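Listed below are the residues making up each chain.
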Amino acid sequence: MYPVHVQALAAGSADDLLQCKATKCLFVFDFDHTLVDGNTDTWVQGVRPELQAVKRGKHECWTDYMDRIFEHTHRAGCGHEELWAWMCRLQLYPQALRAVQAVAKCEWAHAIVISDSNSVFIDWILQQSGVRAAFREVLTNPAHFNSRGRLCVQWCHSHSCQLCASSPNMCKGALLRGYLECSHGYQQVVYVGDGRGDLCPCLRLREEDTVVCRKDYSLAKRLAAEPSAVSAAVHVLDFTKELGDFIICTYLQ
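Residues numbered from 1 in each chain as written. Predicted model: local features only at pLDDT ≥ 70, side-chain atom pairs only at ≥ 80, totals over all residues. Heavy atoms only, no water.

## Things to note about the state of the cysteines
Okay, so step 1: Considering all chains together, one arrives at zero disulfides under this definition.
Okay, so step 2: The thiol sulfur of C78 is not disulfide-bonded, and the nearest other cysteine sulfur, from C88, lies at 13 Å. (Disulfide = S-S within 2.5 Å.)

Have a look at this one:
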């Protein structure tokens with residue numbers, strides 16, 4: 001077990017930069033509250049006021065609840081175009097866009113998304129922001145419009161991970177491990193996230209890897225409360241003010 005190194009923006013070291021430039025680096029981005037300053041699943045419920053009355057069951061999986069929300073959305077007459085227009089109002093904020101565009105320009109750096117949102121919403125927002133091609137893969141809950149024109153979302157996968165036990169759907173740690181096993185050659189991983197679902201993949205990182213987490217959000221709080229739980233260095237940032245500048249100055253220049 002190794003100590004957590006919680007650092008502010010100014011603490012990005014020359015060693016971090018040299019290591020990243022000398023190796024093949026994978027940037028892993030969460031989506032909600034990381035690349036967009038909001039939650040796609042709660043944002044969509046604002047498209048029609050009556051959706052606020054659809055409550056989640058006590059033991060209902062969140063993804064199943066969202067699929068039920070989409071059934072109510074369809075019954076309310078909200079189709080593809082209206083959903084697209086509403087969701088595309090939630091775009092990447094400037095510092096996130098700066099980070100993604102910079103990573104995309106580096107031949108030795110790749111980027112993926114791992115998110116518990118869904119494939120339709122993420123693709124829409126990335127395309128609207130002009131950066132869908134920046135990501136080699138989007139690992140998330142699969143979604144599609146069925147023959148009735150109704151948006152449907154399915155589980156990404158079931159799991160037995162105790163760290164991710166709050167939801168039977170999706171272990172981000174397993175998704176990251178599977179991606180790395182099929183994508184050889186990354187000497188360094190930079191994981192950018194904010195929520196409790198990001199804890200599992202962060203705890204699987206090595207000393208040479210890095211966690212970049214959002215200040216005052218649950219991931220940063222969990223890592224600060226368990227200072228011996230993670231091997232990677234940890235940087236805590238105000239994402240909307242610092243994320244792009246930090247990634248460029250620390251890893252890409």
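Additional details are given in the paragraphs that follow.
## Quick look at the side chain of Q45
Okay, so step 1: Its place among the elements puts Q45 in the loop between helix 2 (40–43) and helix 3 (62–75).
Okay, so step 2: Note on Q45: relative accessible area 7%, which makes it buried.
Okay, so step 3: In contact with Q45, other than residues within four places in its own chain, are L51, Q52, Y65, M66 and I69. (Helix = DSSP H or I, 4+ residues; strand = E, 2+ residues; numbered from the N terminus. Buried < 20%, exposed > 50% of the residue type's maximum accessible area, 1.4 Å probe, protein only. Contact = heavy atoms within 4.5 Å.)

## Topic: the pairing of strand 2 (residues 25–29)
Okay, so step 1: Within strand 2, five of the five residues are buried, which leaves it mostly tucked inside the rest of the structure.
Okay, so step 2: Where burial is concerned, the two faces of strand 2 agree: the one with C25, F27 and F29 and the one with L26 and V28 are both buried.
Okay, so step 3: Judged from the five bridges that link them, strand 2 and strand 3 (residues 109–118) form a sheet pairing that is parallel. Looking across to strand 3, one finds that V28 is bridged to I112.
Okay, so step 4: In this sheet, strand 7 (residues 188–193) lies alongside strand 2 in parallel orientation, the contact comprising five bridges. Residue pairing for strand 7: F29 is matched across the bridge by V192. (Pairing = 2+ DSSP bridges.)

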